[in-house]
Amino acid sequence: MNCTIAVIAGDGIGPEVIGPARETLAAVAARFGHSFGFRELEAGGAAWDRYGDTLPPGTVEAARECAALLLGALGGPAWDNLPGGQRPERALLTLRKELGVFANLRPAVLLPQLRAACPLKAFAERGSFDILIVRELTGGIYFGERGRGEGGSNAYDTMSYSVHEIERLLRVAFEAAARRQKKLTVVDKANVLESSRLWREVTERVKKEYPAVSCDFFYVDNAAMQLIRSPSQFDVIATSNMFGDILSDEASVLTGSIGMLPSASLGSGGFGIYEPIHGSAPDIAGQNKANPLGTILSAAMLLRYSLGLESEGRAVEEAVTAALEAGFRTVDIAGDAANDKILGAKEMGRAVIEFISRRSEGEGATAGRGR
Ligand code: IPM
Ligand code: MG
């Protein structure tokens, strides 16, 4: 396959996690005989510093011309108070909205190799979970009307969902559940919020089209608690933009570290945005300490969802598992002092690439059941 992938490295540790992910894609191309070109684009704080604009004109259009967009992280305290109300995070939200990627898939899988890094006692030696959070990404309170009242005496943000927005997100979630363990949990706050009550009504209707999938509802406060109490009860979780943001950070740390979690943001075509769920981590930026695996696993999702290269995606996931199996760890996932070999971001990337170039297809455990 011959295609171009847009890349935005972004701020903080962004470039340190994007580098290894790009090299991983290049290694996949070499092993499987593809040709991937990269189109570097800029957004966020780095773009502000260079152009005085967190989303330079033409960025969205340039990304749209590519097969997919791979993104590191945007934002940081240096750009919190920019003139004109610009924010790197706003650039990210505009990219998501303009590129129409309404369904954000965030798989949280506890790999057996990382049990020692799981903060849950009961999972430290055995047990596993494999959760797919399907987060609505282009609506809800992130995009509703907001503002300040007269004289700044109050402020408001609005959570609004249309039937169309809920329905298309639920279809992605039901279809994912149908391919997995056939269990969908819709997370909301229907005991308080009208928009959540609409989510329930739409779910009741859409679920009739997926009779093989069992479907239940959790309030978000209970879901947050159940994730800690017993994460293995979940298969697919479908939820709104903000609840999904919060629950995916919570779920990620159960896998050992937020640095492990990839994401794929999809729309109605093949294009997708692929980014780790972590932020720009300015406290460790520039120190080669970041965990590139969340971004490398995002690249695996890119291969699978935007390029339709299933075996290539699996090869990347297997290489990650193999690197972990060999004891390689970045500091955030260190847990077993006797056996861990601590690596920097670059070296971890090289370890994964080594396994991609070396391993033959179909061997070993994969890092999750996928979408
Ligand atoms: C995420 C991040 C973003 C979000 C921020 C940076 C705007 O937390 O991707 O989870 O809230 O969506
Ligand atoms: Mg978040």
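A quick note: this is a predicted structure, and the numbers were derived from the prediction, not measured.

Rules and cut-offs
- Residues numbered from 1 in each chain as written.
- Chains lettered and ligands numbered in written order.
- Predicted model: local features only at pLDDT ≥ 70, side-chain atom pairs only at ≥ 80, totals over all residues.
- Heavy atoms only, no water.
- Helix = DSSP H or I, 4+ residues; strand = E, 2+ residues; numbered from the N terminus.
- Rg over C-alpha atoms; globule rule 2.2 N^0.38 Å.
- Buried < 20%, exposed > 50% of the residue type's maximum accessible area, 1.4 Å probe, protein only.
- Areas by Shrake-Rupley, 256 points an atom, 1.4 Å probe, with all protein chains shown as cover.
- Lys, Arg positive; Asp, Glu negative; His and termini not counted.
- Charge placed at Lys NZ, Arg CZ, Asp CG, Glu CD.
- Near = heavy atom within 4 Å.
- Polar contact = N/O pair within 3.5 Å; in protein donor to acceptor, adjacent residues only side chain to side chain.
- Nonpolar A, V, L, I, M, F, W, Y, C, P; charged D, E, K, R; others polar.
- Domains from an automatic or database assignment.
- Contact = heavy atoms within 4.5 Å.
- Pairing = 2+ DSSP bridges.
- Axes fitted to C-alpha atoms, helices over the stretch in contact; angles between N-to-C directions.
- Expected span 1.5 Å × (residues − 1).
- Phe/Tyr/Trp six-rings, centres within 6.5 Å; stacked < 30°, edge-to-face > 60°.
- Lys NZ or Arg CZ within 6 Å of the ring centre and 35° of its normal.
- Salt bridge = Lys/Arg side-chain N within 4 Å of Asp/Glu carboxyl O.
- Right-handed = clockwise from strand over helix to strand, strands pointing away.
- Parallel < 35°, antiparallel > 145°, perpendicular 65-115°, else oblique.

S.K.: Help me understand the overall build of the protein chain, please; the structure alone is not making it clear to me.
M.R.: When helices and strands are counted, the protein chain shows 11 helices and 14 strands. Over its C-alpha atoms the protein chain spans a radius of gyration of 20 Å, differing by no more than 12% from the 21 Å that the globule rule assigns to 371 residues. Here the C-alpha coordinates of the protein chain stretch approximately 60 × 50 × 40 Å along the principal axes. Burial status across the protein chain gives 56% buried among its 371 residues. For the protein chain, the computed accessible surface area is about 15,100 Å², with 50% contributed by carbon and sulfur atoms. Looking at charge distribution, the protein chain has the averaged site of its 40 positive side-chain charges lying 4 Å from that of its 46 negative ones.

S.K.: Teacher, can you tell me more about the site of ligand 1 here?
M.R.: Taken together, Glu89, Arg96, Arg106, Arg135, Tyr142 and Asp245 make up all the residues around ligand 1. Here an oxygen atom of ligand 1 sits 2.9 Å away from a polar atom, N or O, in the side chain of Arg106. Asp245 is positioned with one of its side-chain polar atoms (N or O) 2.9 Å from an oxygen atom of ligand 1. A per-class count over the shell around ligand 1 returns 1 nonpolar, no polar and 5 charged. Counting only domains with at least three residues in the shell around ligand 1, you end up with domain 1 (1–108 + 261–371) and domain 2 (119–254).

S.K.: Teacher, can you tell me more about the side chain of Thr138 here?
M.R.: Its place among the elements puts Thr138 in the loop between β5 (130–136) and β6 (146–148). If we ignore the near neighbours within four places in the chain, the residues touching Thr138 are Arg96, Lys97, Val101, Phe102, Phe143, Glu165, Arg168 and Asn241.

S.K.: Can you walk me through the sheet that holds strand β10 (residues 236–239) in this structure?
M.R.: Strands pair in a sheet through their backbones, by hydrogen bonds, and they do so in one of two ways: parallel or antiparallel. Strands sit in the order β2-β1-β3-β12-β11-β4-β5-β10-β8-β9 across an open sheet of 10 strands; the sheet is mixed. The open sheet has two edge strands with one neighbour each: β2 (35–40) and β9 (214–219). With strand direction ignored, the average angle separating the axes of adjacent strands in the sheet is 25°. Pairing analysis gives 6 bridges linking strand β8 (residues 183–188) to β9, with the strands arranged parallel. Bridge assignment links Lys183 to a residue of β9, and that residue is Ser214. With respect to the sheet, helix α5 (residues 163–179) is in contact with β4 (103–109), β5, β8, β9 and β10, its orientation differing from that of β10 by roughly 180°. Helix α6 (residues 194–206) contacts β5, β8, β9 and β10 of the sheet and is inclined by roughly 175° relative to β9.

S.K.: Hey, could you run me through α5 in this one?
M.R.: Residues three or four positions apart in an α-helix share a direction because the helix packs 3.6 residues into each turn. A rise of 1.5 Å per residue sets the reference length of α5, with its 17 residues, at 24 Å; its end C-alpha atoms lie 24 Å apart and thus fit the reference within 8%. All of the buried residues in α5 are Glu165, Ile166, Glu167, Leu169, Leu170, Val172, Ala173, Phe174, Ala176 and Ala177. Elements in contact with the buried residues of α5: β4, β5, β8, α6, β9 and β10.

S.K.: Mind showing me how you'd approach the packing of aromatic side chains here?
M.R.: Here a ring pair, both rings aromatic, is described through the centre-centre distance and the interplanar angle of the planes. In the structure shown here, the tally under the stated rule is 4 aromatic pairs. Over the ring of Phe143 we find Lys97; its NZ or CZ atom is 4.8 Å from the centre of that ring. Above the plane of the ring of Phe355 lies Arg358, whose end atom (NZ or CZ) is 4.9 Å from the centre.

S.K.: I would appreciate a short explanation of the environment of Val17 in the present structure.
M.R.: Positionally, Val17 belongs in helix α1 (residues 14–32). When sequence neighbours within four positions are dropped, the list of residues in contact with Val17 reads Gly72, His278, Ala290, Asn291, Pro292 and Thr295.

S.K.: Any chance you could explain the pattern of salt bridges here in plain terms?
M.R.: Opposite charge on two side chains allows them to pair when their charged atoms are near. Counted under the stated rule, the structure contains 23 salt bridges. Residue Arg22 pairs with Glu40 through a salt bridge whose shortest N-O separation is 2.7 Å. Of the two residues, Arg22 sits in helix α1 while Glu40 sits in strand β2, which places them 18 residues apart along the sequence. Glu40 gets classed as exposed once you look at its relative accessible area, which sits at 61%.

S.K.: Looking at this structure, how should I read the pairing of strand β1 (residues 2–10)?
M.R.: Regular strands place their side chains on alternate faces of the sheet. Here β1 pairs with β2 via 6 bridges, running parallel. Across the sheet, Val7 pairs through a bridge with Glu40, a residue of β2. Taken together, β1, α1 and β2 constitute a β-α-β crossover, and its handedness is right-handed.

S.K.: How should the packing of helix α7 (residues 220–229) against helix α8 (residues 241–254) be read in this particular structure?
M.R.: In helix packing, the relevant descriptors are the interaxial angle and the interaxial distance, both defined with respect to the helix axes. At a minimum axis separation of 10 Å, α7 and α8 run at an interaxial angle of 10°. One way to sum up the angle between α7 and α8 is to call them roughly parallel. Here Val220, Ala223, Ala224, Leu227 and Ile228 of α7 lie close against α8, whose contacting residues are Phe243, Leu247, Glu250, Ala251 and Leu254. Among the residues making up the contact of α7 with α8, the classes are represented as 9 nonpolar, no polar and 1 charged.

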